[in-house]
Amino acid sequence: MNAWPEIAKQITATTQRPFDPKEIRTVGGGCINQTYCIADDQRYFFVKTNDTVRLTMFAAEAAGLQEIIQSNTLRAPHPICWERDNQYSWLVLEYLDLNHRANGIAEELGTGLAAMHRMTAPQFGWTHDNTIGSTPQINTPSSDWPAFWHTNRLQYQLDLAQTKGYHGKLQKLGEQLLEDFSQFFTSHTPKPSLLHGDLWNGNFSYDQTGHPVVFDPAVYYGDREADIAMTELFGGFPAGFYSAYRHEYPLESGYNVRKVLYNLYHVLNHLNLFGGGYRHQAEQMMNYLLAEIR
């Protein structure tokens, strides 16, 4: 990649300290971006790169990280700078030494997330649209949570699936589910809580001292149950996380059904991103949800 001189120049300007990278190494983990650790003799940075058109995705991610950091609840890497040239876009972040899971304090993660969820906004959504993976995520503010989830989450993903050739049973079940959507919220009126938005097992870790760190957010303000639901979707979180969270901020009756509704969004997104292997799972989830309200 030939953007490194420009990236180094921007780091120098942003931090007001000369930065001349002596080491550039790839870092594994993501499937959307290319990721690197770059370093001079004193400082390290974490860099994500993608096509030049992805700058808005990186700018929204930086804003989401700032939103979490400003909540003073959970630690997240500080965004340093982001820009593009005629070939690449990039996001430079604070480099954190992570993956110390053997010493991680899961209870602190649960307590911190509960505190973050108590940070609220006047409306659902957010001031920025962003991405979930590489899929656009629409965050147009709304005072009506069921309408927000109906239109900006499930309807959006089902429409995208239609354009990708997923017709038939998937769309029929989706249409039926959206018609009866309000029944899931007859006794549940959530507050617009600050959400990580993409809180699966791969988007948190621990630093050298065992304190939790969250990253790769898809931030918006919504029902806190959407975050908790996703923690259960791909591998789950440590038991101490759940006990600490529920102690600080107990979940409401009906969560076990609503979590399927919220996780359907992510399964549909995986269908749209990665292919038909998720279709059957999405259809099963919709059948379960329809059976619950009929």
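See the structure printed just above.
Residues numbered from 1 in each chain as written. Predicted model: local features only at pLDDT ≥ 70, side-chain atom pairs only at ≥ 80, totals over all residues. Heavy atoms only, no water.

**Here's the deal with the overall build of the chain**
(1) Moving on: When its secondary structure is counted, the chain shows nine helices and eleven strands.
(2) Moving on: The C-alpha atoms of the chain give a radius of gyration of 20 Å, which matches the 19 Å a tight globule of 294 residues would have.
(3) Moving on: Within the chain, the proportion of its 294 residues that are buried is 52%.
(4) Moving on: Counting only contacts in the chain whose residues sit at least 6 apart along the sequence, the fraction spanning at least 24 positions is 67%. (Helix = DSSP H or I, 4+ residues; strand = E, 2+ residues; numbered from the N terminus. Rg over C-alpha atoms; globule rule 2.2 N^0.38 Å. Buried < 20%, exposed > 50% of the residue type's maximum accessible area, 1.4 Å probe, protein only. Contact = heavy atoms within 4.5 Å.)

**Here we look at the sheet that holds strand β5 (residues 88-94)**
(1) Moving on: A sheet is described by the order of its strands in space; here five strands give the open sequence β1-β2-β3-β5-β4, paired in antiparallel fashion. Among the strands making up the open sheet, the edge pair consists of β1 (23-26) and β4 (79-84). Ignoring which end each strand starts from, the neighbouring axes of this sheet average 20° apart.
(2) Moving on: The pairing of β4 with β5 spans five bridges and is classified as antiparallel. From the neighbouring strand, Pro79 faces β5, where its bridge partner is Leu93.
(3) Moving on: Strands in contact with helix α1 (residues 4-15) are β1, β2 (34-39), β3 (44-51), β4 and β5; relative to β4, the strand with the most contacts, it is inclined by about 140°. (Pairing = 2+ DSSP bridges. Axes fitted to C-alpha atoms, helices over the stretch in contact; angles between N-to-C directions.)

**Things to note about the pairing of β3**
(1) Moving on: For β2 and β3, the ladder comprises six bridges, and the chain directions are antiparallel. The residue of β3 that forms the bridge with Ala39 is Tyr44.
(2) Moving on: Counting the residues in the hairpin turn of β2 and β3 gives four residues.
(3) Moving on: Sheet analysis places β3 next to β5, joined by seven bridges and oriented antiparallel. Bridge assignment links Phe45 to a residue of β5, and that residue is Glu94.

**Some words on the packing of helix α4 (residues 145-163) against helix α8 (residues 255-274)**
(1) Moving on: At a minimum axis separation of 9 Å, α4 and α8 run at an interaxial angle of 25°. The orientation of α4 relative to α8 falls into the category roughly parallel. Here α4 and α8 pass one another in a crossing that is left-handed. Contacts from Trp145, Trp149, Arg153, Leu154, Gln157, Leu158, Leu160 and Ala161 of α4 reach α8 at Leu261, Tyr262, Leu264, Tyr265, Leu268, Asn269, Leu271 and Asn272.
(2) Moving on: Residue composition of the contact of α4 with α8, by class: twelve nonpolar, three polar and one charged. (Parallel < 35°, antiparallel > 145°, perpendicular 65-115°, else oblique. Left-handed = near helix turned anticlockwise from the far one by under 90°. Nonpolar A, V, L, I, M, F, W, Y, C, P; charged D, E, K, R; others polar.)

**Some thoughts on α8**
(1) Moving on: Between the first and last C-alpha of α8 there are 28 Å, a value that for 20 residues agrees with the 28 Å anticipated at 1.5 Å per step.
(2) Moving on: At Asn263, α8 shows its largest kink, close to 25°.
(3) Moving on: Of all 20 residues in α8, 17 are buried; the element is thus mostly enclosed. (Expected span 1.5 Å × (residues − 1). Bend = angle between axes of the 7 residues up to and from the residue.)

**Things to note about the pattern of salt bridges**
(1) Moving on: Throughout the structure, instances matching the rule amount to ten salt bridges.
(2) Moving on: Of the charged contacts, one joins Glu61 and Lys48 as a salt bridge, the two residues approaching to 2.6 Å between their closest N and O atoms. A residue pair is termed long-range when its members are at least 10 positions apart, and Glu61 in helix α2 (residues 55-70) and Lys48 in strand β3 qualify at 13 residues.
(3) Moving on: For Lys48, a relative accessible area of 5% gives the class buried.
(4) Moving on: Taken together, the shared-partner salt bridges in this structure form one network comprising Lys48, Glu61 and Asp216. (Salt bridge = Lys/Arg side-chain N within 4 Å of Asp/Glu carboxyl O.)

**Looking at the state of the cysteines**
(1) Moving on: According to the stated counting rule, one finds zero disulfides in the structure shown.
(2) Moving on: Here Cys37 stays free of any disulfide, with the sulfur of Cys81 as its closest cysteine sulfur at 14 Å.
(3) Moving on: By relative accessible area, Cys81 is classed as buried at 4%. (Disulfide = S-S within 2.5 Å.)

**What about helix α5 (residues 169-179)?**
(1) Moving on: The set of residues buried in α5 consists of Leu170, Gln171, Leu173, Gly174, Leu177 and Leu178. Buried residues in α5, looked at end-on, bunch into an arc of 165°, giving them a common side. Exposed residues on α5 whose side chains face more than 90 degrees from its buried face are Lys172, Glu175 and Glu179.
(2) Moving on: Looking at the packing, one finds that the buried side of α5 touches α4, α8 and α9 (279-292). (Arc of directions from axis to C-beta.)

**What to know about the packing of aromatic side chains**
(1) Moving on: Within this structure, the stated rule accounts for 19 aromatic pairs.
(2) Moving on: With 5.4 Å between their ring centres and 70° between their planes, Trp149 and Tyr265 make a pair best called edge-to-face. In this pair, Trp149 sits in helix α4 while Tyr265 sits in helix α8, placing the two residues 116 residues apart along the sequence.
(3) Moving on: Take Trp149: its relative accessible area is 0%, and that puts it in the buried class.
(4) Moving on: Relative to Tyr242, the ring of Phe241 has its centre 4.9 Å away and its plane inclined at 75°; by these criteria the two rings are edge-to-face. For the residue pair Phe241 and Tyr242, the accessibility class agrees, reading buried in each case.
(5) Moving on: A connected cluster of aromatic rings, assembled from ring pairs, spans Phe124, Trp145, Phe148, Trp149, Tyr220, Tyr262 and Tyr265. (Phe/Tyr/Trp six-rings, centres within 6.5 Å; stacked < 30°, edge-to-face > 60°.)

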